[in-house]
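Letter by letter, the chains look like this.
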Amino acid sequence: IPQVMGAIFSKIETLKAQIQFQLHVSFIEIHKEEVRDLLDSSLSAKSDTSNGGKVNIPGRSPIQIRESSNGVITLAGSTEVEVRSLKEMAACLEQGSLSRATGSTNMNNQSSRSHAIFTITLEQMRKVNQGSPEGNLNESMNEEYLSAKLHLVDLAGSERAKRTGSDGMRFKEGVHINKGLLALGNVISALGDEKKRKEGVHVPYRDSKLTRLLQDSLGGNSRTVMIACISPADINAEETLNTLKYANRARNIQNKPVINRDPISNEMIKMRQQLEYLQAKLCARGGASSDEVQALKERISWLESTNEDLRRELNKYRNGCDIVDQVDTFGQGEEVCSMKSEGHKRRQSMDSSDISMGEVIMGDSRDMDEEAAKEWEHKVLQNTMDKELYELNRRLQQKESEMKLFGEVDTETLKQHFGKKITELEDEKRAAQQERDRLLAEIENLAASSDGQTQKLHDVHSQKLKALEAQILDLKKKQENQVQLLKQKQKSEEAAKRLQEEIQFIKAQKVQLQNKIKQEA
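What comes next is a walk through the structure. The residue count restarts for each chain, going from 1 along the sequence in the order it is written. Residue-level local features of this predicted model are given only where pLDDT is at least 70; pairs of side-chain atoms are given and counted only at 80 or more, and the full residue set underlies all totals for whole chains, interfaces and linings. Only hydrogens and water are set aside; all other atoms, that is, all heavy atoms of the structure, feed into the side-chain values.

1. Here we look at the overall build of the chain
Thinking step 1. A count of helical and extended segments in the chain gives 13 helices and 10 strands.
Thinking step 2. Accessible area is worked out with a 1.4 Å probe on protein chains only. A residue is then buried under 20% of its type maximum, exposed over 50%, and partly exposed in between. Within the chain, buried positions represent 27% of all 521 residues.
Thinking step 3. Contacts: residue pairs with any heavy atoms within 4.5 Å of one another. Considering only contacts within the chain whose residues lie at least 6 apart along the sequence, 73% involve residues at least 24 apart.
Thinking step 4. Under the convention used here, a 1.4 Å probe and the Shrake-Rupley method define accessible areas, while residue burial counts only the protein chains that appear. Put simply, the chain shows about 35400 Å² of open surface, and 52% of that area lies on carbon and sulfur atoms. Numbered from the N terminus, helices here are DSSP runs of H or I no shorter than four residues, and strands are runs of E no shorter than two.

This is the structure:
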């Protein structure tokens, strides 16, 4: 960490003439799944962790992990100190390190009992396009803001209770350490496996506070580097191998970080590019209308030549006035000179008016192209909006006319009419079926007695039976037609409902377009 701090300040020293820098640091630790602020002055005295109690500061709410709207993980309630030199940053690091939770085990006399995160936030403001012709007017537009965050994480080593000989509170602390490292390993595996990444497998960031805090560093807009601390002793061969495997998985994480630009600064850069493009377009447009520019130049040269002639004439009149003063009498000379001076004044006023005309024409020629371009763009936009409004009105009239066709028919009356008609047809059908059953029964009775009269009655009943069957078929067809008509009516009601919704949507579009036209105007 001190090497990183030295590299940052040496880079700042070389670039401070061109770029303004601002540095903030924060230092927290995760001890038994609780986030503690190591730069808080109230926690500067090292807390006693041997009793296993929680560190509670009266009147201070615990530090909580929050996620902003753009997905950035922040700590609510942590201390962030502004530093201006390497000495100040080193003092913050030393203060936080002294406040960390440590303990003695069989493997280490000063074993870290927590994971610690030292965060350096670097903001820089650089000037772009220093030689802008606008000067101080666009000075704020020429500033570009960039920010970066560096998480320097000191992970506590994984522990096996047999090797460390820990029990009681030390054992519980070791369990929490191993739990955080396991969650971190699962997150690294999910991010480093290409197949899982393509399938969109869930990344378990929320399994521990360590992985939640390092969410940006592992899978966000960042580059990740893991430094493994191993032992060369053969007694620690298994731990060394496991540590190397753990760190090797972190190499497979592939992020594509982009520069963190301030959104306002980014918007200004886009607007500046658009302005340059429009200025180039305007220059090209001004070059196309060279006839007007040529005519104006000729007009200016003619006015300048006229101005020179008038000045020469003015000098002649002045010389003539002097000669008359010498020759004529005092009174006459005074009268002539007064007359001549009035003529000179008139000519001078004419000269000044011609000069001012020339200046106005030159100024107008510069502004004419810009105003013409703005008016042309406004006309094109206005015509487009007018066309859209006309199309919306046409569609609205068409839908309303279709709606009127549906609205002319009273749906309730039609429903009642068709329902009544179907009931009547069913009654007729039932009566015809009863008549047919009665005739069939009579035919069966007549079939028992086989004399001539019964044969005649049998024929008559057979004819009636055929007529009734034909009537029943006809009634069935009518009933089916009525059912189809009802279905068609339901479909037309649904179409009418859809038309009503389309009319409402078109009206809303029309109102939006009218508001847009008002704003443009």
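2. A short note on the environment of Ile253
Thinking step 1. Relative to the helices and strands, Ile253 resides in the loop between α8 (237-250) and β10 (260-261).
Thinking step 2. Residue class for Ile253 comes out buried when judged on its relative accessible area of 12%.
Thinking step 3. Along the primary structure Ile253 and Leu191 are separated by 62 residues, whereas in three dimensions their C-alpha atoms are 5.7 Å apart.
Thinking step 4. In this structure, Ile253 is in contact with Ile188, Leu191, Gly192 and Leu218, ignoring residues within four places of it in sequence.

3. A few points about the nonpolar core
Thinking step 1. Residue types Ala, Val, Leu, Ile, Met, Phe, Trp, Tyr and Cys, when buried and joined through side-chain atoms within 4.5 Å, form a set referred to as a nonpolar core. Membership of the largest hydrophobic core comes to 22 residues, with the highest contact counts inside it found for Ile188, Leu191 and Leu218.
Thinking step 2. The set of elements that each furnish at least two residues to this core consists of β1 (19-31), α4 (169-192), α6 (209-213) and α8.
Thinking step 3. A total of seven residues in this core trace back to one element, the largest contributor, which is α4.
Thinking step 4. Counting 17 residues, the second largest nonpolar core, distinct from the first, contains Phe9, Val25, Val83 and Ala116.

4. Observations regarding the side chain of Ser217
Thinking step 1. As for its position among the elements, Ser217 is in helix α7 (residues 215-219).
Thinking step 2. Sequence-distant contacts of Ser217, that is, excluding residues within four places in its chain, are made with His151, Ser222, Thr224 and Asn255.

5. Description of the packing of helix α1 (residues 2-15) against helix α2 (residues 86-98)
Thinking step 1. A fitted line through C-alpha atoms represents every axis, and for helices the fit uses only the stretch in contact; the resulting angles, taken between N-to-C directions, go from 0 to 180 degrees. Relative orientation of the contacting elements α1 and α2 amounts to 160°, with a least axis distance of 10 Å. With respect to α2, the axis of α1 lies roughly antiparallel. Like other packed secondary-structure pairs, α1 and α2 cross with a definite hand, here right-handed. Residues Pro2, Met5, Gly6 and Phe9 of α1 form the contact with α2, whose own contacting residues are Leu86, Met89, Ala90 and Leu93.
Thinking step 2. Residues were grouped as follows: Ala, Val, Leu, Ile, Met, Phe, Trp, Tyr, Cys and Pro as nonpolar; Asp, Glu, Lys and Arg as charged; and all remaining residues, including Gly, as polar. Of the residues assigned to the contact of α1 with α2, the class counts are seven nonpolar, one polar and no charged. An angle counts as roughly parallel when it lies under 35 degrees, as roughly antiparallel when it exceeds 145, as roughly perpendicular when it falls between 65 and 115, and as oblique in every other case. Working rule for handedness: look at the near helix, and if it is turned counterclockwise from the far one by less than a right angle, call the crossing left-handed; if clockwise, right-handed.

6. Observations concerning the pattern of salt bridges
Thinking step 1. Note on definitions: salt bridges are taken to be side-chain nitrogens of Lys or Arg within 4 Å of carboxyl oxygens of Asp or Glu. Taken as a whole and assessed by the stated rule, the structure comprises 12 salt bridges.
Thinking step 2. In this structure, Arg206 and Glu67 form a salt bridge, with 3.9 Å as the shortest nitrogen-oxygen distance. Placement of the pair is Arg206 in the loop between α5 (194-199) and α6 and Glu67 in strand β3 (residues 64-67), with a sequence separation of 139 residues.
Thinking step 3. In this structure, the salt-bridge partner of Glu173 is Arg113, at a minimum N-O distance of 2.8 Å. Of this pair, Glu173 sits in helix α4 while Arg113 sits in the loop between β7 (111-112) and β8 (115-127), and the two are 60 residues apart along the sequence. Across this residue pair, the class does not change: Glu173 and Arg113 are buried.
Thinking step 4. Members of the salt-bridge network, linked through shared partners, are Glu67, Arg206 and Arg212.

7. Concerning the side chain of Arg113
Thinking step 1. Residue class for Arg113 comes out buried when judged on its relative accessible area of 1%.
Thinking step 2. Polar side-chain contacts of Arg113 include one of 2.8 Å to the side chain of Glu173.
Thinking step 3. Aside from chain neighbours lying at most four places away, what touches Arg113 is His31, Ala101, Thr102, Gly103, Thr105, Glu159, Arg170, Glu173, Gly174 and Ile177. Residues adjacent in sequence count toward polar contacts only when both atoms are side-chain atoms; beyond that, a polar contact is any pair of N or O atoms within 3.5 Å, and within protein one must be able to donate a hydrogen and the other to accept it.

8. Focus: the pairing of β1
Thinking step 1. Extensive coverage of β1 is indicated by the burial of 10 of its 13 residues.
Thinking step 2. Think of it this way: DSSP has to see at least two bridges between two strands before they count as a pair. Relative to β8, β1 runs antiparallel, the two being bridged by 12 bridges. Among the inter-strand pairings, Ile19 is bridged to a residue of β8, identified as Arg126.
Thinking step 3. Strand direction decides the pairing type here: β1 and strand β5 (residues 81-83), joined by three bridges, are antiparallel. Residue pairing for β5: Leu23 is matched across the bridge by Val83.
Thinking step 4. By the bridge criterion, four bridges tie β1 to strand β2 (residues 34-37) in an arrangement that is antiparallel. Bridge pairing in β2 links Ile30 to Val35.
Thinking step 5. Between β1 and β2, which pair antiparallel in sequence order, lie two residues; one of them, Lys32, sits at a positive phi of approximately 55°.

9. Quick look at the pairing of strand β9 (residues 143-154)
Thinking step 1. Strand direction decides the pairing type here: β8 and β9, joined by 12 bridges, are antiparallel. For Ile120, the partnering residue across the bridge sits in β9 and is Leu150.
Thinking step 2. Pairing of β9 with β10 involves two bridges; the strand directions are antiparallel. Counterpart to Ser147 in the pairing with β10 is Asn260.

10. Section: the packing of α4 against α8
Thinking step 1. Between α4 and α8, whose axes approach to 8 Å, the crossing angle comes to 40°. Comparing the axis directions of α4 and α8 gives the class oblique. Read as a crossing pair, α4 and α8 show a hand that is left-handed. Residues Leu181, Leu184, Gly185, Ile188 and Ser189 of α4 lie in contact with α8, whose contacting residues are Tyr246, Arg249 and Ala250.
Thinking step 2. Its residues assigned to classes, the contact of α4 with α8 comprises five nonpolar, two polar and one charged.

11. Considerations on unusual backbone geometry
Thinking step 1. At Lys32, a residue that is not glycine, the phi angle is positive and equals roughly 55°.
Thinking step 2. Tracing the backbone through its elements, the reader meets Lys32 in the loop between β1 and β2.
Thinking step 3. Residue Glu33 is not a glycine yet carries a positive backbone phi of 60°.
Thinking step 4. Take Glu33: it is sitting in the loop between β1 and β2.

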